[in-house]
Amino acid sequence: LEVVVACPPSIQLERLMKRDRDLTREQCQSRIDSQMPIDKKVKMANLVIWNTGSKEALEKEVGKVRDEISRRVQGAWGVTLPKLFLGLGFGVVAVQRLLLTN
């Protein structure tokens, strides 16, 4: 499952310049240009978290993706994978005990 956090390049540049004040605009742009373009990352992703606004908006986006991931990992009868593995683990232990006692 590929999840990407994305924003437009203009916002990425603005945030980088604000975070790393010792870098020039050209240095910041060079760093961005050295990465895979965001549109390509988005195309490769199964889910995208858009980080284009406020912290509250980001939290909503994260919540949506979290819910989607939860929906995708739920198997038949609403059993999550961790519960399934836990159940299978107990089943294997029970079978091993039966085989060892007989």
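Residues numbered from 1 in each chain as written. Predicted model: local features only at pLDDT ≥ 70, side-chain atom pairs only at ≥ 80, totals over all residues. Heavy atoms only, no water.

Enquirer: Just checking my understanding: could you explain helix H4 (residues 55–73) for this structure?
Expert: Because the α-helix completes a turn every 3.6 residues, residues three or four places apart line up on one side. Between its first and last C-alpha atoms H4 spans 27 Å; for 19 residues at 1.5 Å apiece the expected length is 27 Å, and the two agree. Residues of H4 that are buried in the fold lie against strand E1 (3–6) and strand E2 (47–50). (Helix = DSSP H or I, 4+ residues; strand = E, 2+ residues; numbered from the N terminus. Expected span 1.5 Å × (residues − 1). Contact = heavy atoms within 4.5 Å.)

Enquirer: Looking at this structure, how should I read the pairing of E1?
Expert: With burial as the criterion, only one face of E1 is covered, namely that bearing Val4 and Ala6; the residues Val3 and Val5 on the opposite face remain uncovered. Two elements, E1 and E2, share four bridges in a ladder whose sense is parallel. In the sheet register, Val4 faces E2, and the bridge partner there is Val48. (Buried < 20%, exposed > 50% of the residue type's maximum accessible area, 1.4 Å probe, protein only. Pairing = 2+ DSSP bridges.)

Enquirer: I would appreciate a short explanation of the packing of helix H1 (residues 9–19) against helix H2 (residues 25–33) in the present structure.
Expert: How two helices sit against one another is set out by the angle between their axes and by the gap between those axes. Remark: H1 packs on H2, axes separated minimally by 10 Å, with the N-to-C direction vectors making an angle of 125°. In terms of their interaxial angle, H1 and H2 are classed as oblique. As H1 runs across H2, the sense of the crossing is right-handed. Within the contact between the two elements, H1 uses Pro9, Gln12, Leu13, Leu16, Met17 and Arg19 and H2 uses Arg25, Cys28, Gln29, Arg31 and Ile32. (Axes fitted to C-alpha atoms, helices over the stretch in contact; angles between N-to-C directions. Parallel < 35°, antiparallel > 145°, perpendicular 65-115°, else oblique. Left-handed = near helix turned anticlockwise from the far one by under 90°.)

Enquirer: I tried to follow the pattern of salt bridges on my own but got confused; where do I start?
Expert: This structure, assessed with the given rule, holds six salt bridges. When the shortest N-O distance is used, the salt bridge between Arg19 and Asp20 registers 3.0 Å. The exposure class of Arg19 is exposed, given its relative accessible area of 61%. We classify Asp20 as buried; its relative accessible area is 16%. For Arg72, the salt bridge is made with Glu68, and the minimal N-O distance between the two is 2.8 Å. (Salt bridge = Lys/Arg side-chain N within 4 Å of Asp/Glu carboxyl O.)

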